[in-house]
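Listed here are the chains, written in short residue letters.
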Amino acid sequence: MTDSGNVERWIPKELSWLSFNERVLQEAADPSVPVIQRVRYLGIFSNNMDEFFRVRVADVRRLAAFSTPSKQEEFKALLEKIQLRVVELQSRFDQTYLATLKELRKRGIYLISERQLDDHQREFARNFFFENIQPELVPVILDDNHPLPELNDASIYLAIKIVSADQVRYAMLEVPTDRISRFVSIPSRKGKRGKVMIALENMIRVCLHDVFRGIFQLDSVEAYTVKLTRDAELELGEEVTESFFERMERSLKRRRKADPVRFVYDSEMPADLRDYLARRLGLGRLDSVLPGGRYHNSKDFMGFPNLGPAYLELKPLPKIPLPAVDRFDNIFDAIAQRDVLLYYPYNSFTYVINFLRTAAIDPAVRSISLSLYRVASNSHVVDALINAVANHKDVLVVVELQARFDEEANMALSHRLQEGGVNVIFGVPGLKVHGKLISVTRQENNSLRYYTHIGTGNFNEKTAEVYTDFSLLTFNQEIGEEAFKTFEFIRYTYRRPNYKHLIVSPINSRERLLAMIDHEIDNAHKGRSCGLTFKCNNLVDQAMIDKLYEASQAGVPVRLIVRGMCSLVPGVKGVSDNIEAISIVDRYLEHPRIFMFYNAGDPQYYLSSADLMTRNIDYRVEVMCPIYDEGHKKTLQDILDIQWSDNVKARVLDATQANRLRLPRKKNAKRIRSQEAIHRYLSKGRLPRLRKLNYKPPSDG
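Computed from a predicted model, the values in this text were never measured in an experiment.

Procedures and definitions
- Residues numbered from 1 in each chain as written.
- Predicted model: local features only at pLDDT ≥ 70, side-chain atom pairs only at ≥ 80, totals over all residues.
- Heavy atoms only, no water.
- Helix = DSSP H or I, 4+ residues; strand = E, 2+ residues; numbered from the N terminus.
- Buried < 20%, exposed > 50% of the residue type's maximum accessible area, 1.4 Å probe, protein only.
- Pairing = 2+ DSSP bridges.
- Axes fitted to C-alpha atoms, helices over the stretch in contact; angles between N-to-C directions.
- Expected span 1.5 Å × (residues − 1).
- Arc of directions from axis to C-beta.
- Phe/Tyr/Trp six-rings, centres within 6.5 Å; stacked < 30°, edge-to-face > 60°.
- Patch = residues over 30% accessible without salt bridge, like charges linked within 9 Å, V, L, I, M, F, W, Y side chains within 5 Å.
- Areas by Shrake-Rupley, 256 points an atom, 1.4 Å probe, with all protein chains shown as cover.
- Salt bridge = Lys/Arg side-chain N within 4 Å of Asp/Glu carboxyl O.
- Lys, Arg positive; Asp, Glu negative; His and termini not counted.
- Charge placed at Lys NZ, Arg CZ, Asp CG, Glu CD.
- pLDDT = per-residue confidence, 0-100.
- Contact = heavy atoms within 4.5 Å.
- Polar contact = N/O pair within 3.5 Å; in protein donor to acceptor, adjacent residues only side chain to side chain.
- Parallel < 35°, antiparallel > 145°, perpendicular 65-115°, else oblique.
- Left-handed = near helix turned anticlockwise from the far one by under 90°.
- Nonpolar A, V, L, I, M, F, W, Y, C, P; charged D, E, K, R; others polar.
- Core = buried A, V, L, I, M, F, W, Y, C linked by side-chain atoms within 4.5 Å.
- 1 Å grid on protein atoms, 1.4 Å probe; cavity = no way out; pocket = protein on both sides within 12 Å on 5 of 7 lines; lining within 4 Å.
- Points joined across faces, edges and corners; volume = space filled by probe spheres on them.

**What to know about the environment of Tyr-373**
As for its placement among the helices and strands, Tyr-373 is situated in the loop between strand 11 (365-372) and helix 12 (380-390). Assessed through its relative accessible area of 7%, Tyr-373 is described here as buried. Expressed as a C-alpha distance, the spacing of Tyr-373 and Gln-477, which sit 104 residues apart in the sequence, is 25 Å.

**Things to note about the sheet that holds strand 5 (residues 183-186)**
An order of 1-6-5 is seen for the three strands of this open sheet, with the pairing classed as mixed. The open sheet is flanked by strand 1 (109-112) and strand 5, the only strands paired with a single partner. Recorded for the sheet is a direction-independent mean angle of 30° between the axes of neighbouring strands. Bridge count for strand 5 against strand 6 (residues 195-199) is four bridges, and the pairing is antiparallel. When the bridges of strand 6 are listed, Ile-186 appears paired with Val-196.

**What about helix 15 (residues 509-525)?**
Between its first and last C-alpha atoms helix 15 spans 24 Å; for 17 residues at 1.5 Å apiece the expected length is 24 Å, and the two agree. Of all the positions in helix 15, only Ser-509, Leu-513, Met-516, Ile-517, Glu-520, Ile-521, Asn-523 and Ala-524 are classed as buried. Each buried residue of helix 15 sits inside an arc of 160° when the element is viewed along its axis, so together they form one side. When the buried face of helix 15 is taken as reference, the exposed residues oriented beyond 90 degrees from it are Glu-511 and His-525. Following helix 15 by one or two positions, Gly-527 has its phi on the positive side, about 80°.

**Notes on the packing of aromatic side chains**
This structure, assessed with the given rule, holds 24 aromatic pairs. Ring centres 6.3 Å apart and planes at 25° place the aromatic pair Phe-124 and Phe-128 in the stacked group. You can see Phe-124 and its partner Phe-128 sitting in helix 4 (residues 119-133), four residues apart, about one turn around the helix. Relative accessible area serves as the criterion here: at 29%, Phe-124 is assigned to the partly exposed category. Overall, Phe-128 belongs to the buried group, its relative accessible area being 19%. With centroids separated by 4.8 Å and ring planes inclined at 40°, the aromatic side chains of Tyr-451 and Phe-475 adopt a geometry described as tilted. Within this pair, whereas Tyr-451 is found in strand 16 (residues 447-455), its partner Phe-475 is found in the loop between strand 17 (467-474) and helix 14 (477-491), the two being separated by 24 residues in sequence.

**Here we look at a positive patch on the surface**
Together, Lys-670, Arg-680, Lys-684 and Arg-686 make up a region of like positive charge exposed at the surface. One can find Arg-686 in the segment after helix 19 (674-684).

**Thoughts on the confidence of the model for the protein chain**
Taken as a whole, the protein chain shows an average pLDDT of 90; of its residues, 93% reach a score of 70 or greater. The low-confidence segment residues 235-244, where pLDDT is below 50, has 18 contacts with residues more than four positions distant or belonging to other chains.

**Looking at the side chain of Lys-436**
Relative to the assigned elements, Lys-436 resides in strand 15 (residues 436-444). Reaching out from Lys-436, the side chain makes a polar contact with the backbone oxygen of His-434 at a distance of 3.0 Å. Excluding its chain neighbours within four sequence positions, the residues that come into contact with Lys-436 are Ser-371, Tyr-373, His-453, Ile-454, Gly-455, Thr-456, Gly-457, Asn-458, Phe-459 and Ser-609.

**Quick look at unusual backbone geometry**
With an omega of -5°, the peptide bond between Tyr-344 and Pro-345 qualifies as cis. The topology assignment puts Pro-345 in the loop between strand 10 (340-344) and helix 11 (350-361). Cis geometry marks the peptide bond from Ser-505 to Pro-506, where omega comes out at 0°. Of note, Pro-506 is situated in the loop between strand 18 (503-505) and helix 15. Positive phi is not limited to glycine here, since His-392 has a value of about 70°. Tracing the backbone shows His-392 in the loop between helix 12 and strand 12 (394-399). The class of His-392 is exposed, set by a relative accessible area of 73%.

**Re the packing of helix 2 (residues 35-66) against helix 3 (residues 69-106)**
Helix-helix packing: each pair is described by the crossing angle between the helix axes and the interaxial distance. For the pair helix 2 and helix 3, interaxial distance at closest approach is 11 Å and the crossing angle is 165°. The orientation of helix 2 with respect to helix 3, classified from their angle, is roughly antiparallel. Along this stretch, helix 2 crosses helix 3, giving a crossing that reads as left-handed. Broken down by class, the residue content of the contact of helix 2 with helix 3 amounts to 23 nonpolar, four polar and four charged.

**Focus on the sheet that holds strand 2 (residues 140-142)**
Across a sheet, strands are paired by hydrogen bonds formed along the backbone, either parallel or antiparallel in direction. Read across the sheet, six strands follow the order 2-4-3-7-8-9 without closing on themselves; strand pairing throughout is mixed. Since the sheet does not close on itself, it has two edges, and those belong to strand 2 and strand 9 (288-292), each with one partner. Here the average twist between neighbouring strands, direction ignored, is 30°. Here strand 3 (residues 157-164) runs beside strand 4 (residues 167-174); their pairing, made up of eight bridges, is antiparallel.

**A look at helix 3**
If you check helix 3, its first and last C-alpha atoms are 56 Å apart, about what 38 residues at 1.5 Å a residue would give, namely 56 Å. One or two steps after helix 3, the chain reaches Gly-108, where phi turns positive at roughly 75°.

**A few points about the nonpolar core**
Counting 46 residues, the largest nonpolar core has Ile-454, Phe-470, Ile-490, Leu-502, Leu-607, Val-621 and Leu-636 as the members making the most contacts within it. Once residues lying within four places of it in the same chain are set aside, the contact partners of Leu-502 are Ile-454, Ile-479, Glu-482, Ala-483, Thr-486, Asn-508, Arg-512, Val-623, Met-624, Cys-625 and Pro-626. Trp-17, Met-49, Ile-109 and Met-565 belong to the second-largest nonpolar core, a separate cluster that totals 44 residues.

**A few points about the pattern of salt bridges**
Tallied over the full model, the rule gives 45 salt bridges. For Asp-300, the salt bridge identified is with Arg-182, shortest N-O distance 2.7 Å. One end of the pair, Asp-300, is in the loop between strand 9 and helix 9 (323-326); the other, Arg-182, is in the loop between strand 4 and strand 5, and 118 residues separate them in sequence. The exposure class of Asp-300 is partly exposed, given its relative accessible area of 22%. For Asp-586, the salt bridge identified is with Arg-673, shortest N-O distance 2.8 Å. With a gap of 87 residues between them, Asp-586 in the loop between strand 21 (579-584) and strand 22 (589-590) and Arg-673 in the loop between strand 26 (650-652) and helix 19 connect regions that are remote in the sequence. Put simply, Glu-22, Arg-85, Glu-88 and Arg-92 are held in one network by salt bridges that share partners.

**A word on the packing of helix 11 against helix 12**
Viewed as axis vectors pointing N to C, helix 11 and helix 12 meet at an angle of 10°, and their least axial separation amounts to 8 Å. On the basis of their axis angle, the class for helix 11 and helix 12 is roughly parallel. Contacts between helix 11 and helix 12 pair Ile-353, Leu-356, Arg-357, Ala-360 and Ile-361 from the former with His-380, Val-381, Ala-384, Leu-385, Asn-387 and Ala-388 from the latter. Per-class residue counts for the contact of helix 11 with helix 12 are eight nonpolar, two polar and one charged.

**Thoughts on empty space enclosed by the protein**
Where empty space is left becomes clear once a probe the size of a water molecule has been rolled over the atoms. One pass over the full model with this rule turns up five cavities of 30 Å³ or more. Of the pockets and cavities examined, the largest cavity occupies roughly 80 Å³. Forming the boundary of the largest cavity are Ile-11, Ser-16, Ser-19, Arg-23, Gly-564, Cys-566, Leu-568, Pro-570, Leu-653, Asp-654 and Gln-657. Grouping the amino acids of the lining of the largest cavity by side-chain chemistry returns five nonpolar, four polar and two charged.

In structure tokens, the structure reads:
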């Protein structure tokens, strides 16, 4: 228990996010994790850090620049804390990277630099360069009379210093990783065995003189990797003559020229080249200028190939079929018989694809409404919707153009849907549509019946392979009518539906959530059994955190499973004594939101698209759905109990942010790795021995 006199009641969300990314880095450093998976965790860590700077650091930077003077100093201090933590994590990343390369070498896999090539390999590299790389290179000579080229923050660049007859020139060269694989397989050394790869930028270094030969008399030419990260905020403006779509197009073009928020460079770079780039980029004291190793854009490690045996990466878990659905020829018959609960990637996303494909060709189906936030590049969901139009269904699709980093993809998607005859709308002005809804109407016995999907994740078959998420398919007509009315609200915002079952942001989420927590507090005061178990990605809303502190002080046991940011501080004496929190990082990204209210022994369960963040509660269209099927309630509780008992991949969240593993309480206790235990439970019905949870408030005596 932490003394309340020595700890704050609030962890800044940015520092909490860095603590989450540290948990990813811990997986990369864990020797029990297969080595190829460890390399990929390094890629995930790097990709996360890119987004962190583009979004969260950019937000703090703006606040530090434009807040009131008293607040500016607070945000500047936070920027300094962020930078110190980032430098610390980057140092650990570099150590982990070197250790992982060593592990790869033990298994006959070598990632080498241009300095390690023998003559045979160098000849291969030169041939590969002239045939494949040189045609893709666009070097730019820099000078003060012309603006710098627009640096794409998804790319890496070689900053080049050219010395020619006592004259120094600088150049920039984009490494074409969008057209050529970052990691190129090359022959092993003569007489040696093993699989050898070299990074694309090192292939360029092999032939760097050839890039400029014949243009300058070269005394020396040196290349250093740099990476720029830009502010990802969109400035949409309110020009009356422009459509929202046009404003989005214009704003995305501006993003390419947005202010830099991070500049990472090779620490071996000469000071003159570094200072020249910093001056030309206009980097100031609020920007993160970070020295690093020789390699950047390590996010490319997410796709690192396994050139060795299969055991060097995680063994795939087989998909679990649903006999309750599979025994029916038509999925509508299965849903009408009983609510269907899907849990990806344990179950296959093809059940949702089948639902849409069936709706597209079923003569009884009259309409399909669906909200799209992020979809796969070659989406079967989109194919089914266009096919539905061809089969004379009314199809309405809400496309969220402001899905961060997917804006351009969603604009292209909108064009494709419109060309296919789909009625596309772009959501609610001032709100993002983030709910995961499908509403299908079907003519049955002279009346329209609703078949409804409400989920926690995107309609994206690619991410459904690596994100855990729930989907509920229900024939409950009252829920179906409320879901249908939610689409009406999105189309006509002046219509404010009354909801008996669904909880919908921004209409009633805050009010209903606070009321249900208050109900648990009231049960605690009356000596009734009570408790809250919340599983979410982020918990940062101040009012929700204060209400959970109030619940703890009333004696309500609160259990939190939070993947990412958690600004609440558990275990503080007199404040959060009855709150425990864990985070789980494993092969799948934990993405669902489940909210359980114990309700004096008659628990209520909700699935939600929303995290406990102010933006989700007040400024997005989000949907929470109750689970009424008793069997599904038990499944959800068992899954929560398994995750709460995880003693292999769970980290404890507390004031220290040390991310210590939550180890078994007894030496001979059974190890529970929740994601694997959940797969066994769903496939074979076997539950491990779990920690018993207490739902009794403490007695006054």
